[in-house]
Amino acid sequence: MNHFQYIDGELHAEDVPLAEIARSVGTPFYCYSTATLERHYKVFAQAFADHDALICYAVKANANLAVIRTLADLGAGADVVSEGELRKALAGGVPPERIVFSGVGKTRAEMEFALDQRIMQINVESIPELETLSAVASQRGMTVSIGIRINPDVDARTHEKISTGKAENKFGIAISAARDVFARAAALPGLRPISVAIHIGSQLTDLEPFRAAFTKLAATVRDLRDHGHRIDRVDLGGGLGIPYREETLPLPIEYSKVVADTVGDLGCRLVFEPGRMLVGNAGILVSRVIYVKDGEAKRFLIIDAAMNDLLRPAMYDAWHDIKPLRAPPPDAAVAPVDVVGPACETSDTFARQRDLTPVREGDLLAILTAGAYGAVMASNYNVRLLTPEILVRGSDWSVVRRRPDYEDLLRQDSLAKWQVRSR
Ligand code: LLP
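Note that the structure is a prediction, hence the values are computed from the model and not measured.

*Asks:* Any chance you could explain the domain arrangement of the chain here in plain terms?
*Replies:* Quite often, the size of an interface is put as the accessible area lost when its parts meet. The domains assigned to the chain are domain 1 (4–31 + 280–410) and domain 2 (34–276). Averaged C-alpha coordinates put domain 1 and domain 2 at centres separated by 32 Å. Of the residues lining the interface, 23 residues belong to domain 1; the matching set on domain 2 comes to 21 residues. It is Tyr316, Trp319 and Tyr373 that lose the most area in domain 1 upon contact with domain 2, and together they represent 28% of the buried surface on that side. Here domain 1 is connected to domain 2 by zero salt bridges. For the interface between domain 1 and domain 2, the tally reads ten residue pairs in polar contact (both at pLDDT 80 or more).

Shown next as structure tokens:
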């Protein structure tokens, strides 16, 4: 469910015609819907209303400050994986006592910053990381609550590049090592190991891998308790998939039943780290057709967004729905086209042989379900400017990340000192 719908033949974000934004800010641009963000957060929160649950929004999915603020205002915490994300979450109004710091490679400096902010928990993924965190905390005379991420060796049955819970992946510690690692953590100064964390992958379209992983996690918690550890919280990660092609996917309420069945009787506080599920369908990328090019074998729509703006199709062969901003007549015939960007790579392709109604030069298109892992993965590749971001609420809209200009871009580099010519 999202709030990007045709009203009188024009695609709107809530009550705002997207063409109006395009006229004002130019293309391409990302556009987010407040009502959709709020709805998704509430549906997820509602599914766990009967539990002691904290929803820590995975900032990596969309780190725009206004998006973070929208979710923070609803009570969301944050799951962050870098000092940058942590700073964004704090600036967006997430209280430190609702922030979890995850990730396999936190540096000492990042740990120091996180400790100084007094965040809720740091999730640790290896013994060397445990030792470093212990040293950093003791040096400050602090004791930090930690979770230890276990790797359950479960196949999430999703794209291999976004699977994280198999033994061969770099994430977490082996379940068989959990007892030893907790004992080590308990013996080190400055650490309070109180949580077991897990995250098996992203865009899961099936609940069974969650069931398998959470079952293993519950057994681990029981075993650790039997060995004298006080486990108060479990961190169940994110990963719930969303419909990119209007497919039917498990609902948050169905997911919550799996959670209740597997870890519900541990008496632990439940921490969730949903990213995509909250923001994916709340964002679109609007782009203009530069040329319609009839190649020898096919027709190409060359649009002004490129792989540097939305990397998912190139990186994960992801499928994103594409709609014209002006609704086609109901009887319009469709024909297959390739929708491509201007970047100099064949992988700069948003859709291959997609059936679309006729599109002309200058027409505006929306690439849907682009709110998660869209703007955050953008780059300046081909020395293209980053795409601006817009947030809509009802009939109001605001630029929440401006389009940089070429001066901004040129200022980033400088010549080496021996290249500077004095004139
Ligand atoms: N927690 C941890 C520890 C994670 O690594 C992730 C995602 C999440 C939570 C949030 O997962 P979600 O609920 O969004 O599935 N760029 C890829 C997705 C990478 C996901 C990385 N980790 C894509 O565009 O599909």
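On we go.
*Asks:* What exactly am I supposed to notice about helix 6 (residues 127–139) here?
*Replies:* Think of an α-helix as turning once every 3.6 residues; residues three or four places apart then point the same way. Over its 13 residues, helix 6 extends 18 Å from the first C-alpha to the last, a length consistent with the 18 Å expected when each residue adds 1.5 Å. Within helix 6, the full set of buried residues consists of Glu129, Leu130, Leu133, Ser134, Val136 and Ala137. Around the axis of helix 6, the buried residues are gathered within 170° of arc, so they sit on the same side. Along helix 6, the residues that are exposed and aim more than 90 degrees away from the buried face are Pro128 and Gln139.

*Asks:* Whenever I open this one, the site of the ligand confuses me. Can you help?
*Replies:* Contacts to the ligand come from 18 residues, most closely from Ser202, Glu273, Arg276, Arg312 and Tyr373. In this structure, Ser202 approaches the ligand through a side-chain N or O atom, which is 2.4 Å from an oxygen atom. Residue Tyr373 places a side-chain N or O atom 2.6 Å away from an oxygen atom belonging to the ligand. Protein chains bury 91% of the 590 Å² of accessible surface belonging to the ligand in isolation.

Calculation notes
Residues numbered from 1 in each chain as written. Predicted model: local features only at pLDDT ≥ 70, side-chain atom pairs only at ≥ 80, totals over all residues. Heavy atoms only, no water. Domains from an automatic or database assignment. Contact = heavy atoms within 4.5 Å. Buried area = accessible area lost by both parts, 1.4 Å probe. Salt bridge = Lys/Arg side-chain N within 4 Å of Asp/Glu carboxyl O. Polar contact = N/O pair within 3.5 Å; in protein donor to acceptor, adjacent residues only side chain to side chain. Helix = DSSP H or I, 4+ residues; strand = E, 2+ residues; numbered from the N terminus. Expected span 1.5 Å × (residues − 1). Buried < 20%, exposed > 50% of the residue type's maximum accessible area, 1.4 Å probe, protein only. Arc of directions from axis to C-beta. Near = heavy atom within 4 Å. Areas by Shrake-Rupley, 256 points an atom, 1.4 Å probe, with all protein chains shown as cover.

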